[in-house]
Amino acid sequence: MANPGLIPLAQAEGQGEVLLLRQAQELGFPVGETWVVGLWEEFARLNNLAERIAWLFQGVFGVRIDEERLLLAAEEAKRAVRESYLLPERAEAFLETLEGKGPFLVRRAGEGTYHLARNPQEALFAVKRLWAEAFRVEAILERYPALFPSALTVLVQEVTTFPPLEGGLLEDPFLSLDLSQALGQRVVAYTWEGTLLRIESVHGG
């Protein structure tokens, strides 16, 4: 089987929330089964996205921002991501790795908003939607002058039932305290049905 680009949390490298979740798992906290998606760089390179998106934003940022062109460029950038493809063997391996599992919560590491996916195919679609959302106007302005994100870390997390889309992951103050003491830094733990799915650092992420 080709490399699926899905790294089990226990094997994942990284900083921010990925590191915190892995450490919590190693310490025995009830972290939900989580995979880190490591496909963005290959996907962007194979579809020549950096150059295509740079071209879309030509003339947008000058002495002042051309807001109309910014809105149009952002929409075209999101479309470019949505209409681009993974290598077929990579997509097949992704689906095979998650076969028989689910449902899933799919989100950017360090962010609380998420997409819900009933099965592996929907999880793959959700990953691409999250990549496209990195080109929302707000996201572009936040990282400007960098137009193109060097990394987009997406997490796929198995859940037993779907949480609500708004406010579904609940802060657990007792778990937050225990986790903060164990990790040696102040964090906030968010759970669903007793499973730890998100860790927010007071330092961000």
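Preceding this paragraph is the structure being described.
Attention in this report is confined to the structure presented alongside it.

Quick notes on the rules
- Residues numbered from 1 in each chain as written.
- Predicted model: local features only at pLDDT ≥ 70, side-chain atom pairs only at ≥ 80, totals over all residues.
- Heavy atoms only, no water.
- Phe/Tyr/Trp six-rings, centres within 6.5 Å; stacked < 30°, edge-to-face > 60°.
- Helix = DSSP H or I, 4+ residues; strand = E, 2+ residues; numbered from the N terminus.
- Buried < 20%, exposed > 50% of the residue type's maximum accessible area, 1.4 Å probe, protein only.
- Lys NZ or Arg CZ within 6 Å of the ring centre and 35° of its normal.
- Axes fitted to C-alpha atoms, helices over the stretch in contact; angles between N-to-C directions.
- Parallel < 35°, antiparallel > 145°, perpendicular 65-115°, else oblique.
- Left-handed = near helix turned anticlockwise from the far one by under 90°.
- Contact = heavy atoms within 4.5 Å.
- Nonpolar A, V, L, I, M, F, W, Y, C, P; charged D, E, K, R; others polar.
- Salt bridge = Lys/Arg side-chain N within 4 Å of Asp/Glu carboxyl O.
- Pairing = 2+ DSSP bridges.
- 1 Å grid on protein atoms, 1.4 Å probe; cavity = no way out; pocket = protein on both sides within 12 Å on 5 of 7 lines; lining within 4 Å.
- Points joined across faces, edges and corners; volume = space filled by probe spheres on them.

This part is about the packing of aromatic side chains. Under the criterion given, the structure shown has 8 aromatic pairs. Ring centres of W35 and F104 lie 6.3 Å apart, and the angle between their planes is 70°; this geometry places the pair in the edge-to-face category. With W35 in strand β2 (residues 34-37) and F104 in strand β3 (residues 104-108), the pair connects residues that are 69 residues apart, well separated along the chain. With centroids separated by 4.1 Å and ring planes inclined at 25°, the aromatic side chains of F61 and Y144 adopt a geometry described as stacked. Taken as a pair, F61 in the loop between α3 (49-56) and α4 (67-82) and Y144 in the loop between α7 (137-143) and β5 (154-158) lie far apart in primary sequence, 83 residues in all. Take Y144: its relative accessible area is 40%, and that puts it in the partly exposed class. The ring of F135 carries R143 above its face, with NZ or CZ at 5.2 Å from the centroid. Its end group placed over the ring of Y190, R198 keeps NZ or CZ at 4.9 Å from the ring centre.

On to the packing of α4 against helix α6 (residues 120-133), then. For any two helices packed against each other, one specifies the crossing angle of their axes together with the interaxial distance. It is at 8 Å that the axes of α4 and α6 come closest, and there the two elements cross at 155°. Here α4 is positioned roughly antiparallel relative to α6, judged by the angle of their axes. Seen along the crossing, α4 lies across α6 with a hand that is right-handed. Along its contact with α4, which presents K78, V81 and R82, the element α6 presents K128, W131 and A132. Of the residues that constitute the contact of α4 with α6, the class distribution is 3 nonpolar, no polar and 3 charged.

The next subject is the packing of helix α5 (residues 88-97) against α6. Between α5 and α6, the least distance of the axes is 9 Å, while the angle of their chain directions is 125°. For the element pair α5 / α6, the angle class is oblique. You can see that α5 and α6 cross each other, and the crossing is right-handed. Where α5 approaches α6, its residues A91, F94 and L95 are matched on the opposing element by P120, Q121, A123, L124 and V127.

Counting across every chain of the model gives 9 salt bridges. Across the pair R107 and E17 runs a salt bridge, and its minimum N-O distance is 2.6 Å. Taken as a pair, R107 in strand β3 and E17 in helix α1 (residues 16-26) lie far apart in primary sequence, 90 residues in all. One salt bridge connects R198 with E200, and the closest N-O pair in it is separated by 2.9 Å. Judged by its relative accessible area of 10%, R198 is buried. Using a relative accessible area of 27% as the deciding quantity, one classes E200 as partly exposed.

Right, let's get into the pairing of strand β8 (residues 195-201). When a strand is regular, its side chains alternate between the sheet's two faces. Counting buried positions along β8 yields 5 of 7 residues, so the element is predominantly enclosed. Two successive antiparallel strands, strand β7 (residues 187-192) and β8, enclose a turn made up of 2 residues, where E193 displays a positive phi of approximately 55°.

This brings us to the layout of surface pockets. The computed volume of the largest pocket comes to approximately 430 Å³. R108, E111, A139, E142 and R143 are the residues nearest the centre of the largest pocket, which is lined by 17 residues in total. If you list the elements that add at least two residues to the lining of the largest pocket, you get α6 and α7. If you tally residues by element for the lining of the largest pocket, the top one is α7, at 4 residues. Its volume calculated, the second largest pocket comes out at about 200 Å³. R82, S84, Y85, L86, A91, L124, F125, K128 and R129 together form the lining of the second largest pocket.

Of note, the bond from G102 into P103 is cis; its omega dihedral lies within 30 degrees of zero at 5°. Here P103 is to be found in the loop between α5 and β3. The step from Y144 to P145 runs through a cis peptide bond, and the omega angle for that step is 20°. As for its placement among the helices and strands, P145 is situated in the loop between α7 and β5.

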